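# Commentary on secondary and tertiary structure
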Amino acid sequence: MKNATIIPEQQGLYDPINEHDACGVGLVVNINGEKSHSIVEKGLQVLENMVHRGAEGAEKNTGDGAGILVQIPHEFILLQGIAVPERGRYGTGLVFLPKNNTVQKDILNRLETIALEQGLSILAIRDVPVNSQLLGEGAASNEPDIKQIFVVEKMPSKMPLEIRLYLVRKLIEKNILDSDIATKRNFYIPSLSSKNIVYKGMLTSMQVRLYYPDLTNINFTSAMALVHSRFSTNTFPTWDLAQPFRMLGHNGEINTIRGNRRWMEARESVLDPKFISDITQISPIIQPNMSDSASLDNALEFFVMAGMSLPHAMAMLVPESFNDKNPISTELKSFYEYHSILMEPWDGPATLLFADGRYAGGMLDRNGLRP
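The written sequence of each chain sets the order in which its residues are numbered from 1. Since the coordinates come from a predicted model, pLDDT governs what is reported: local features require at least 70, and pairs of side-chain atoms require 80 or more to be given and counted, while whole-chain, interface and lining totals use all residues. To get the side-chain values, take all heavy atoms of the structure and skip hydrogens and water.

### Some words on the sheet that holds strand β5 (residues 145-153)
Inclusion rule: The rule for pairing is simple: two strands pair if DSSP sees at least two bridges between them. Secondary structure elements follow DSSP: runs of H or I no shorter than four residues count as helices, runs of E no shorter than two count as strands, and numbering proceeds from the N terminus. Axis definition: a line fit to C-alpha positions, over the contact stretch in the case of helices; interaxial angles, taken between N-to-C directions, run 0 to 180 degrees. Any two residues whose heavy atoms approach within 4.5 Å at even a single point are treated as in contact.
Pairing within the open sheet is antiparallel, and its 3 strands lie in the order β3-β5-β4. Looking along the sheet, the strands with just one partner apiece sit at the ends: β3 (90-97) and β4 (120-127). On average, each strand axis in the sheet is inclined to that of its neighbour by 30 degrees, with strand direction left out of account. Where β4 lies against β5, 7 bridges are found, and the strand directions are antiparallel. Each bridged residue has a counterpart across the sheet, and for Ile122 the counterpart in β5 is Val151. Where helix α3 (residues 101-117) meets the sheet, its contacts fall on β3, β4 and β5, and the angle it forms with β4 comes to roughly 150 degrees. Most of the contacts of helix α5 (residues 161-177) go to β4, to which it runs at about 70 degrees, and overall it touches β3, β4 and β5.

Right, dumping it as structure tokens:
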């Protein structure tokens, strides 16, 4: 929909709480952890072969959304002339910004201030090369200005860099959400990490490699590539709702999403993640006005930052089904029963692929409805 920068409010017979979507996902991994451009290329090939799983607008060159999550291509960054420290000692990510230069400057100044408060600083800001002429009218009307930021440690801390980057992103999200910036929905950080980076947008699966020339550079390497092609059945496509998200690529829908969001909001007052003294500084944990997939990714990311491994957090959020016809071990049953005290299931027909700096994998929903 042209100039659709936000999901509309309830009006007439339309109610945004009824929105859902279904998409295609893929994951390519070198199980030995060896990085190469071949893995990125194969990931893009998987994405392009899922062209039937992604929707298009009235014009063929406006997509519902597509993207790729890879490890940070350290050698590629050095070749761009960015004097980053050694691998793992800096964070980077793309930032979607409104086109207005004054608003951009305001947001980046706020981001720099928040980073400094966390003992970090912005080392460099890079204009990300894009081929905007590929976009159809719908995607072009909402296209953000895309920059890549590089964040380094200014003051030493016992807190891991990944958690500090998470705090910076959550704090700037809350800062902009609470601001009076008219175009604040056009601000979004697809990822900010010392491990992974996300390239995505309101694109078709065939446009991702062409829109982002970085991805076709031979020096752009990774040991894993998680890709996603979005089909927004009842949702309005926007640049920020494209997937993958920060840790997750999701095919399907979370049917229990309204309850999941409300339970997460309700339990915020009793959560004590240790990495922040006052959790209200980064609340809401679940970013408002986003998709069911984005909400699940928000919850997953929070529990990983709080100390769980990625597989542990996924198993707690989406426990497997078990009964007399589908028995599991006593130990595993006890695991799920214990975690049911802490977290209700995020239920629905879904395939969930996930990745961070240590793990990459996938799982089905509790009923195995998404082969």
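Further notes follow.
### Observations concerning unusual backbone geometry
Just so we agree on the cut-off: Three exposure classes are used, based on accessible area relative to the maximum for each residue type with a 1.4 Å probe and protein chains only: buried under 20%, partly exposed in between, and exposed over 50%.
Here Gln243 and Pro244 are connected by a cis peptide whose omega angle stands at 10 degrees. Mapping Pro244 onto the fold places it in the loop between β7 (224-229) and β8 (248-252). In this model, Lys274 sits at a positive phi of 75 degrees, which is unusual for a non-glycine residue. Along the polypeptide, Lys274 turns up in the loop between α7 (257-267) and α8 (292-305). On the basis of relative accessible area, Lys274 is assigned to the exposed category, the value being 68%.

### Regarding the packing of α3 against α5
In a packed pair of helices, the relevant descriptors are the angle between the two axes and the axis-to-axis distance. Quick reminder of the rule: Any angle from 65 to 115 degrees is called roughly perpendicular, while one under 35 is roughly parallel, one over 145 is roughly antiparallel, and all others are oblique. Whether a crossing is left-handed or right-handed is set by the direction in which the near helix is turned from the far one by less than a right angle, anticlockwise for left-handed and clockwise for right-handed.
Running from amino to carboxyl end, α3 crosses α5 at an angle of 135 degrees, the nearest separation of the two axes being 10 Å. Considering their axes alone, α3 and α5 lie oblique with respect to each other. As α3 packs across α5, the resulting crossing turns out to be right-handed. On α5, the residues touching Ile107, Arg110, Leu111, Ile114 and Ala115 of α3 are Val168, Leu171, Ile172, Asn175 and Ile176.

### Quick notes on the sheet that holds strand β1 (residues 24-29)
An order of β1-β7-β2-β6 is seen for the 4 strands of this open sheet, with the pairing classed as antiparallel. A single partner strand is all that each edge strand has here, and the edge strands are β1 and β6 (196-201). Here the average twist between neighbouring strands, direction ignored, is 10 degrees. In this structure, β1 lies alongside β7, joined through 6 bridges in antiparallel fashion. Its bridge partner lying in β7, Gly26 is registered against Val227. Packed onto the sheet, helix α1 (residues 37-48) meets β1, β2 (66-71) and β7 and runs at close to 20 degrees relative to β7.

### So, the pairing of strand β10 (residues 360-364)
Where strand β9 (residues 350-355) meets β10, 5 bridges bridge the pair, whose relative direction is antiparallel. When the sheet's bridge partners are listed, Ala355 is paired in β10 with Ala360. Between β9 and β10, which pair antiparallel in sequence order, lie 4 residues.

### Topic: the packing of α5 against α8
Where α5 contacts α8, the two axes come as close as 10 Å, and the packing angle between them is 140 degrees. One element, α5, and the other, α8, form an angle in the oblique class. In this structure, α5 meets α8 at a crossing whose hand is left-handed. Across the interface between the two elements, Glu162, Ile163, Tyr166 and Arg169 from α5 touch Glu301, Phe302 and Met305 from α8.

### Structural notes on a nonpolar patch on the surface
Where we set the bar: Two joining distances apply to patches: 9 Å for like charges and 5 Å for nonpolar side chains (Val, Leu, Ile, Met, Phe, Trp, Tyr), and every residue must have over 30% relative accessible area and no salt bridge. Areas reported as accessible are Shrake-Rupley estimates using a 1.4 Å probe. Residue values count occlusion only from the protein chains shown. By salt bridge we mean one thing: a side-chain nitrogen of Lys or Arg within 4 Å of a carboxyl oxygen of Asp or Glu.
Among the surface-exposed residues, Tyr338, Ile341 and Leu342 lie close enough to one another that they form a single nonpolar patch of about 340 Å² accessible area. What makes Ile341 exposed here is its relative accessible area of 68%.

### Re the packing of aromatic side chains
Put simply, the rule reads: Each Phe, Tyr or Trp ring (for Trp, its six-membered ring) is paired with any other whose centre lies within 6.5 Å, and the angle between the two planes then decides the class: stacked below 30 degrees, edge-to-face above 60, tilted in between.
Evaluated as defined, the whole model comprises 12 aromatic pairs. Ring geometry for Phe96 against Tyr188: centres 6.2 Å apart, planes inclined by 45 degrees, an arrangement best described as tilted. Within this pair, whereas Phe96 is found in strand β3, its partner Tyr188 is found in the loop between α5 and β6, the two being separated by 92 residues in sequence. Residue class for Tyr188 comes out buried when judged on its relative accessible area of 2%. For the ring pair Phe275 and Phe302, a centre distance of 6.2 Å and an interplane angle of 65 degrees mean the geometry is edge-to-face. With Phe275 in the loop between α7 and α8 and Phe302 in helix α8, this residue pair connects regions lying 27 residues apart in the sequence. Assigned by exposure class, Phe275 and Phe302 land together as buried. Here a set of aromatic residues connected by ring pairs shows up, and it is made of Phe76, Phe96, Tyr188, Tyr199, Tyr211, Tyr212, Phe220 and Trp239.

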